[in-house]
Amino acid sequence: MSSVKIVDGVFWVGAVDWNVRSFHGHTYNTKRGSTYNAYLIMDDKVTLVDSVYAPFAKEMIENIRQIVDPAKIDYIIANHVETDHSGGIPEIIKLCSKAKVYGTAKCKEGLQRMYYQNLDFQVVKTGEKLSLGKKTLTFIEAPMIHWPDSMFTYLIEDAVLMPNDAFGQHYASSERFDDEVDQCSLMQEASKYYSNILWPLNSIIQRKLNEVMAMNLPIKIIAPSHGIIWRKDPMKIVNAYVNWSKGEARGGAVIVYETMWGATATMAKKIAEGIADAGVDVKIYEVTQADMTQITDDMFYAKGYLIGSSTHDNNMLPGIAGFLH
Ligand code: FEO
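Reading the values: rules and limits
Residues numbered from 1 in each chain as written. Predicted model: local features only at pLDDT ≥ 70, side-chain atom pairs only at ≥ 80, totals over all residues. Heavy atoms only, no water. Domains from an automatic or database assignment. Contact = heavy atoms within 4.5 Å. Buried area = accessible area lost by both parts, 1.4 Å probe. Salt bridge = Lys/Arg side-chain N within 4 Å of Asp/Glu carboxyl O. Polar contact = N/O pair within 3.5 Å; in protein donor to acceptor, adjacent residues only side chain to side chain. Pairing = 2+ DSSP bridges. Helix = DSSP H or I, 4+ residues; strand = E, 2+ residues; numbered from the N terminus. Phe/Tyr/Trp six-rings, centres within 6.5 Å; stacked < 30°, edge-to-face > 60°. Lys NZ or Arg CZ within 6 Å of the ring centre and 35° of its normal. Buried < 20%, exposed > 50% of the residue type's maximum accessible area, 1.4 Å probe, protein only. Core = buried A, V, L, I, M, F, W, Y, C linked by side-chain atoms within 4.5 Å.

**Overview of the domain arrangement of the protein**
At step 1: On domain assignment, one finds that the protein holds domain 1 (4-245) and domain 2 (253-324).
At step 2: Each of domain 1 and domain 2 has a C-alpha centre, and these two points are 36 Å apart.
At step 3: Contact residues are listed per partner, giving 12 residues for domain 1 and 10 residues for domain 2.
At step 4: Together domain 1 and domain 2 conceal approximately 920 Å² of surface at their shared face, both sides included; 53% is due to carbon and sulfur atoms.
At step 5: Between domain 1 and domain 2 we count one salt bridge in total.
At step 6: Taking the shortest distance from any N to any O, the salt bridge between Lys 31 and Asp 291 comes out at 3.8 Å.
At step 7: At the boundary of domain 1 with domain 2, the tally comes to seven residue pairs in polar contact (both at pLDDT 80 or more).

**Some points on the pairing of strand S1 (residues 4-7)**
At step 1: Sheet topology note: the S1/strand S2 (residues 10-12) ladder contains three bridges and is antiparallel. Each residue of the ladder has a partner; that of Val 7, found in S2, is Val 10.
At step 2: The turn linking S1 back onto S2 is made up of two residues, and Gly 9 within it adopts a positive phi angle of 80°.

**Some thoughts on the packing of aromatic side chains**
At step 1: Per the stated rule, a full pass over the model turns up 13 aromatic pairs.
At step 2: Centroid distance Tyr 194 to Phe 300: 5.6 Å. Interplanar angle 40°. Geometry classified as tilted. With Tyr 194 in helix H5 (residues 183-198) and Phe 300 in helix H9 (residues 292-301), the pair connects residues that are 106 residues apart, well separated along the chain.
At step 3: Three or more aromatic residues joined by ring pairs form one cluster here, namely Phe 167, Tyr 194, Trp 199, Tyr 241, Trp 244, Phe 300 and Tyr 301.
At step 4: The ring of Tyr 301 carries the charged tip of Arg 250 above its face, separated from the ring centre by 3.8 Å.

**Notes on the environment of Gly 110**
At step 1: Position of Gly 110 among the secondary structure elements: in helix H4 (residues 105-114).
At step 2: Gly 110 gets classed as buried once you look at its relative accessible area, which sits at 9%.
At step 3: A sequence separation of 198 residues divides Gly 110 from Gly 308, and the C-alpha atoms of the two residues are 41 Å apart.

**Quick look at the nonpolar core**
Buried together is how nonpolar side chains tend to be arranged in soluble globular proteins.
At step 1: Ranked by size, the top nonpolar core spans 64 residues in total, and within it Leu 48, Ile 73, Ile 76, Phe 167, Ile 237, Tyr 241 and Trp 244 carry the most contacts.
At step 2: Top element by residues in this core is H5. It accounts for seven residues.
At step 3: Residues in contact with Ile 237, not counting those within four places in the same chain, are Phe 167, Met 187, Ala 190, Ile 222, Trp 230 and Trp 244.
At step 4: If you look at the next biggest cluster of nonpolar residues, it comprises 25 residues, including Tyr 39, Ile 41, Val 49 and Val 160.

Below, the structure is given as structure tokens:
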């Protein structure tokens, strides 16, 4: 997909991965694909915020070329060292070898280990500012949302928050903005992303949300590193994160089982009938046939779980064991 203007002087220059179907080592099924979002800021100092997964570096560079010669890039902001966002840095830096890289101390450690020992790297901390000319960036460290190195970048004059993985979705689309896509699909993918990646980090996320809200930053656009950009109603996803991070269940039950010869399946179905007869919503999954990413998302909203397995060598079957892990 070609580059897209986000606001005056700020462009999406990332890549759409239509075909990816598993993420994070098969822990996350990406049925709708994903995107790797990188952003180019044109000012006195030309700045690239994040990059893409390495196989997509050429696409990112082509998108940058539509706007500026990549050799003119002065700054690269590395919000996160994980390879889906840093993998394109070695390729782009070949074209702009004088560019300085900005990120957290942990990001510096990671990039040095993964790619370079002698990177021109400036460590930044929360509240530090970087003037690009007419536009100014400021940084918010966000450790464990979702890696120790994670950081948000905020473009002050345009009120654009670039929070990297936070507020993202694994959602490939020819469209870039929330007002251009189906709202139901968008929120389904945002929810799945939260429940499968961020759910264990609820308390850290609550603290970070409170910290960012206390900064009173106006936010017109949230431009995450995966999926759709929130411009119509950026507070929709912020409010969703506030609610999700409280861990408040809606209700219902989820039954997940694995069966050897059908007896555990019979029990699971009978239990589900009983729950349904009591007027409680219930979902039932045979773990080896089901989408574990969807099960996790359903469990995120449920008030009760029932897990069943036939026994084998005095232990549970491997499918359910893997799921519980
Ligand atoms: Fe933590 Fe999208 O990488």
